[in-house]
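Spelled out from the first residue to the last, the chains are:
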Amino acid sequence: ADGGVQGTSGDMQWNTGNATGGHSGSVTVQTGLGLMGAGGDIEMLVGMGGVGSGGNVLVSAGEAMMASQSGGMVGMMGGVASDRTTSGYQFGGAVVITGGHSHGGAVTDAGGNVLLTAGGADMGTGGIVGMVSGRSEATSSGDVRIETADAGI
């Protein structure tokens, strides 16, 4: 709900209960099949800050509290193009991660960073940062490209 001129808009929270003897519940957000059209979208949009910063988006997997268990995984995957005929162009969905653009007017302004950091370990080996191109069943595999953008001046 709107907060009015002086107020704060309301919070929204979805959660499942705690469980002491088993698994806690899951939260699923899913759109339906579009048999003769496109599947539905799921959008999460964070508010703009008028005087303060814009809101954050944090996706964090669960912590493992017992020995010999792993923390939860955060996974992102583009959509699968599943028509197996050879009748036309078909592309799997992209996964795009982009830092924020700065529209400021000072040379000290900067766009948002994109950082890939593997997890650390107190005693064992730290995690791996890996990049692997896509495999092709029939032709060449994809490229791995790391490059810098052209300067404006």
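Residues numbered from 1 in each chain as written. Predicted model: local features only at pLDDT ≥ 70, side-chain atom pairs only at ≥ 80, totals over all residues. Heavy atoms only, no water.

Caption draft 1: Structural context of the overall build of the protein. A count of helices and strands for the protein gives 0 helices and 0 strands. Radius of gyration (C-alpha) of the protein: 22 Å, far over the 15 Å computed for a compact globule of 153 residues. Counting only C-alpha atoms, the protein reaches 60 × 60 × 50 Å along its principal axes. For the protein, long-range pairs separated by at least 24 residues make up 0% of all intrachain contacts whose partners lie at least 6 apart in sequence. Just so you have it, the protein exposes about 15,000 Å², and 52% of that area is on carbon and sulfur atoms. (Helix = DSSP H or I, 4+ residues; strand = E, 2+ residues; numbered from the N terminus. Rg over C-alpha atoms; globule rule 2.2 N^0.38 Å. Contact = heavy atoms within 4.5 Å. Areas by Shrake-Rupley, 256 points an atom, 1.4 Å probe, with all protein chains shown as cover.)

Caption draft 2: Broad picture of the pattern of salt bridges. A complete count under the given rule lists 2 salt bridges for this structure. Where R135 meets E137, a salt bridge forms, and the shortest distance between an N and an O atom there is 2.4 Å. Take E137: its relative accessible area is 72%, and that puts it in the exposed class. Across the pair D143 and R145 runs a salt bridge whose closest N-O atoms are separated by 2.9 Å. Assessed through its relative accessible area of 64%, R145 is described here as exposed. (Salt bridge = Lys/Arg side-chain N within 4 Å of Asp/Glu carboxyl O. Buried < 20%, exposed > 50% of the residue type's maximum accessible area, 1.4 Å probe, protein only.)

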